[in-house]
Amino acid sequence: MSFALKELLEGAGGAVPRIDVEGVNADSRAILPGEAFFAVPGTRVHGDAFAAQAKSRGAVAMITDRAPGADPAMPVIIVSDVRRAYARAAAMQFAPQPETVVGVTGTNGKSSIVSFVRQIWAACGFSAASLGTVGIETAAGLVPGELTTPDALSLHRDLGHLRAQGIDHVAMEASSQGLDQRRVDGVRFSAVGFSNLSREHLDYHLDMAAYRDAKVRLFTDLIVDGGAAVVNVDDPEYEPFMFAALDRGVTLMTVGREGAWFENLSTVDEGYGQRVTGKLVGEEASFHLPLTGAFQASNALVALGLAMATGAPQDKALASLSHLKGARGRLELVAEHNGAAIFVDYAHKPVALESALAALRPYARSRLHVVFGAGGDRDKGKRPMMGEIAGRMADHVIVTDDNPRTENAASIRAEILAAVPAAREVGDRRAAIEAAIADLQPGDVLLIAGKGHEDYQIVGTTKHHFSDHEVVAETLKGR
C-alpha cells in the first residue's frame, strides 16, 4: 500500500514534493525499498549521518530537522519537530487506531493502572488491551515487551494490529522518555491519568522539573478535546497535572483523600487485601480490593476513573474492583513458606521501595526482609537513598545485583551499603534469594525488589535469563 508523503507530513511544515512512499522508518538498517527515512536526533549522533545507508536500502526521501552536511541523493524535507512528524506519520500509516485509548503517566503504578483499566473494561463487556512495561495483554494472553513506551513505529503498528483484531479499548503507559521523544504523538487519548511523581530517570532528564514537564505533555498536548483527566491528589506533586487539565478544558476527575470525584475516606486491611470506603461524586461507595498496599487502592481509583470516563457503567465498574488481579511482579505474593510470605515487586526507585516496604510491614508479624540492588549505567544518586530506606524500614537487608550493565557490580553494591552498613552483601542474585528464604521464620515477610516481571539480568551488554519468580519456585522445590 502506497501513501502520499504530503499526507503523512500534514501539519509538519516544510515544502513536501509529490512523492508516494511505501511506509516510514527512522532506522536506516531496517529501511525497505520505497520507504521514507526520518533522520531523528539521537543521544550521540544525528540520524542524518546514516542517510547514505538508508538510500542504499531503497529510501526515496529523507525527513529531518536540519540541512544535511552532505547530499543524500534523495529529496530532503526539513520540519521543525522531526520526532513528532515521524510519530504522526507512523500513526497515519497504521490507521485506524482503536477508538478509545487512555494514557497513564507517573513514576510508579502505571503498569498496575493500565492492567486494572483493561480488566474493568473487560468486565463491562468491552474488548480491551493494555500496553506497557510488561508488554501487550489482551483476553488472549500476554505478549512480553521490553520498553514502557515502545518506539513510535512499533507503537502505532501495535495499535493498528489491535484495532484489526476488533479491540477498540486500549490502556497504555506513557513514560517520560516516550513523551519527551514524541513516541506517543499521533495517539488520540480519550482520557489520561496521573499516579504520582518521584525521582527517576535523572540520568536522562536534566532535573526533576524537566522530568515532570515531560509527563505533563500528556495532559497539555495529547488529550482530545472533550476528554477527561484523572489525577491522584494524594501525591504531593499533583498540582501541575491538575492545572494542566484545567487549562486544557477537559473534564477533571480527582481521586484520593481530598478527591472531588472519588473521596477515599478509609482503607482497611482485610487479609492480603483491603476494604476501600468513600464517596463517588458524593454518594457512598465501598469495595473490597484483593491486593496488598494502600498505593494499590490509589491505582485502582485512577483506573476506575479512566474506565468510567470512557464508557464503563458505574455499577459494573465498581463490582469489578473486587476481582482485580495485580500486574505481574507488582507486589505479587508468589509463595508462602514455613509460615512466611514471599513477595516479588518491580520497585527499583526510592519511593517505590519505600511504598512496598510500608505496604508489607503490617503483614510481618515477626521480621520484614528485603533483597534488592540497583541498576548500572543509571541514576547513581538513588543508590544510597534506597539503602537508607531499606535499613530504616526492614529488619533484615540483603544487597545484591540488579542489572549491573557495564558498571562494576561490587561498586554499585558499595554505594548502597554505604547507607546501610548493617546489611548483608550477596552479589549473586540467586544466592541472595536462597539465603533470604533460608532465613525465613513463621510470621516473616520477604520482599524481593527490583526486577518484578523481568526475566533477565544484564551483565555488561549481555542479557542472561534470570527470573526472581523462577528462583523462588526452584529454591522452595529444593527445600
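Residues numbered from 1 in each chain as written. Predicted model: local features only at pLDDT ≥ 70, side-chain atom pairs only at ≥ 80, totals over all residues. Heavy atoms only, no water.

S.K.: What's the story with the overall build of the protein in this structure? I'm lost.
M.R.: Of the regular secondary structure elements, the protein holds 15 helices and 25 strands. Its C-alpha atoms give the protein a radius of gyration of 23 Å, near enough to 23 Å, the size a compact globule of 479 residues would have. With the C-alpha coordinates aligned to their principal axes, the bounding extent of the protein is approximately 75 × 55 × 40 Å. In the protein, which comprises 479 residues, the proportion classed as buried is 56%. Residue pairs in contact within the protein that sit at least 24 positions apart in sequence constitute 66% of those at least 6 positions apart. Accessible surface for the protein amounts to roughly 19500 Å². Of this, 49% is attributable to carbon and sulfur atoms. Looking at charge distribution, the protein has the averaged site of its 47 positive side-chain charges lying 3 Å from that of its 59 negative ones. (Helix = DSSP H or I, 4+ residues; strand = E, 2+ residues; numbered from the N terminus. Rg over C-alpha atoms; globule rule 2.2 N^0.38 Å. Buried < 20%, exposed > 50% of the residue type's maximum accessible area, 1.4 Å probe, protein only. Contact = heavy atoms within 4.5 Å. Areas by Shrake-Rupley, 256 points an atom, 1.4 Å probe, with all protein chains shown as cover. Lys, Arg positive; Asp, Glu negative; His and termini not counted. Charge placed at Lys NZ, Arg CZ, Asp CG, Glu CD.)

S.K.: Explain the sheet that holds strand E22 (residues 424-425) to me, please; I cannot follow it from the model alone.
M.R.: Adjacent strands of a sheet pair through backbone hydrogen bonds, lying either parallel or antiparallel. Overall, mixed pairing links the six strands, which are arranged E18-E19-E23-E20-E21-E22 in an open sheet. The sheet is open, and its two borders are formed by strand E18 (332-337) and E22, each paired with just one other strand. Summarising the sheet, strand E20 (residues 368-372) and strand E21 (residues 396-399) pair through four bridges and their orientation is parallel. Directly across from His369, in E21, lies its bridge partner His396. Of the strands in this sheet, E20, E21 and E22 touch helix H13 (residues 409-417), which is tilted by about 155° from E21. (Pairing = 2+ DSSP bridges. Axes fitted to C-alpha atoms, helices over the stretch in contact; angles between N-to-C directions.)

S.K.: Is there a simple way to explain the pairing of strand E17 (residues 283-289) in this structure?
M.R.: When a strand is regular, its side chains alternate between the sheet's two faces. As paired elements, strand E16 (residues 273-280) and E17 share seven bridges and run antiparallel to each other. Considered in E17, the bridge of Lys279 is made with Glu284. Hairpin connection of E16 to E17: two residues between the antiparallel strands, including Val281 at a positive phi of 50°.

S.K.: For this particular structure, what's the right way to read the packing of helix H7 (residues 208-220) against helix H8 (residues 239-248)?
M.R.: In helix packing, the relevant descriptors are the interaxial angle and the interaxial distance, both defined with respect to the helix axes. Where H7 meets H8, the axes come as close as 9 Å, and the angle between the chain directions of the two elements is 30°. By the angle between their axes, H7 is roughly parallel relative to H8. The hand of the H7/H8 crossing is right-handed. Here Arg212, Lys215, Val216, Phe219 and Thr220 of H7 come into contact with H8, specifically with Pro240, Phe241, Ala244, Ala245 and Arg248. (Parallel < 35°, antiparallel > 145°, perpendicular 65-115°, else oblique. Left-handed = near helix turned anticlockwise from the far one by under 90°.)

S.K.: Would you mind going over the environment of His453 with me for this structure?
M.R.: Counting through the fold element by element, His453 comes out in the loop between strand E23 (445-449) and strand E24 (456-459). When the C-alpha positions of His453 and Ser198 are compared, they lie 21 Å apart, and in sequence the two are 255 residues distant. Those residues in contact with His453 that sit more than four places away from it in its chain are Thr133, Val134, Arg328, Gly329, Arg330 and Tyr346.

S.K.: Please clarify how the layout of surface pockets should be interpreted in this entry.
M.R.: Gaps left between atoms show up when a probe the size of a water molecule is rolled over them. Reported here for the second largest pocket is a volume of approximately 490 Å³. For the second largest pocket, the lining is made up of 20 residues, of which Arg88, Gln97, Gly186, Val187 and Arg188 are closest to its centre. Listed by contribution, the elements that provide at least two residues to the lining of the second largest pocket are helix H3 (82-93) and strand E13 (223-232). Of all the elements, H3 adds the most residues to the lining of the second largest pocket, at four residues. Its residues assigned to classes, the lining of the second largest pocket shows eight nonpolar, three polar and nine charged. (1 Å grid on protein atoms, 1.4 Å probe; cavity = no way out; pocket = protein on both sides within 12 Å on 5 of 7 lines; lining within 4 Å. Points joined across faces, edges and corners; volume = space filled by probe spheres on them. Nonpolar A, V, L, I, M, F, W, Y, C, P; charged D, E, K, R; others polar.)

S.K.: Sorry if this is basic, but what is going on with H7 here?
M.R.: An α-helix turns once per 3.6 residues; consequently, residues spaced three or four apart project the same way. Across its 13 residues, H7 extends 18 Å between first and last C-alpha, which sits within 8% of the 18 Å expected from 1.5 Å per residue. Every buried residue of H7 is accounted for by Tyr211, Ala214, Lys215, Val216, Arg217, Leu218 and Phe219. On its buried face, H7 sits against strand E7 (100-105), helix H4 (110-123), helix H6 (176-180), strand E12 (189-194), E13 and H8. Of the residues that open H7, the one with a side-chain oxygen 3.2 Å from the backbone nitrogen of Ala209 is Asp207. (Expected span 1.5 Å × (residues − 1). Polar contact = N/O pair within 3.5 Å; in protein donor to acceptor, adjacent residues only side chain to side chain.)

S.K.: What's the story with the side chain of Arg118 in this structure? I'm lost.
M.R.: Within the secondary structure, Arg118 sits in helix H4. Not counting residues up to four positions away in its chain, the partners in contact with Arg118 are Ala128, Ala129, Ser130, Glu137 and Thr138.

S.K.: Please clarify how the packing of helix H11 (residues 350-360) against helix H12 (residues 382-393) should be interpreted in this entry.
M.R.: Running from N to C, H11 and H12 cross one another at 10°; their axes reach a closest spacing of 9 Å. If you check the angle between H11 and H12, you find them roughly parallel. The element H11 and its partner H12 pack so that their crossing is right-handed. Contact residues: H11 offers Pro350, Leu353, Glu354, Leu357 and Ala358, while H12 offers Lys382, Met385, Met386, Ile389, Ala390, Arg392 and Met393. Of the residues that constitute the contact of H11 with H12, the class distribution is nine nonpolar, no polar and three charged.

S.K.: Is there a simple way to think about the nonpolar core in this case?
M.R.: Here is a general trend for soluble globular proteins: nonpolar side chains tend to be buried in one another's company. If you look at the biggest cluster of nonpolar residues, it comprises 38 residues, and the most contacted ones within it are Ile120, Phe262 and Leu306. Elements with a minimum of two residues in this core: E7, H4, E13, strand E14 (251-256), E16, E17, helix H9 (294-309) and helix H10 (314-320). Ranked by residue count, the leading element in this core is H9, at nine residues. With residues near it in sequence (within four places) discarded, Phe262 still touches Thr254, Val255, Gly256, Val276, Gly278, Lys279, Leu280, Ala285, Phe287, Leu301 and Leu304. (Core = buried A, V, L, I, M, F, W, Y, C linked by side-chain atoms within 4.5 Å.)

S.K.: Sorry, what's going on with the side chain of Asn25 here?
M.R.: Position of Asn25 among the secondary structure elements: in strand E3 (residues 24-25). Of note is the side chain of Asn25, whose polar atom sits 2.9 Å from the backbone nitrogen of Asp27. Look past the residues within four positions of Asn25 in its chain and what remains in contact with it is Ala30, Ile31, Glu35, Ala36, Phe37, Phe38, Tyr86 and Leu153.

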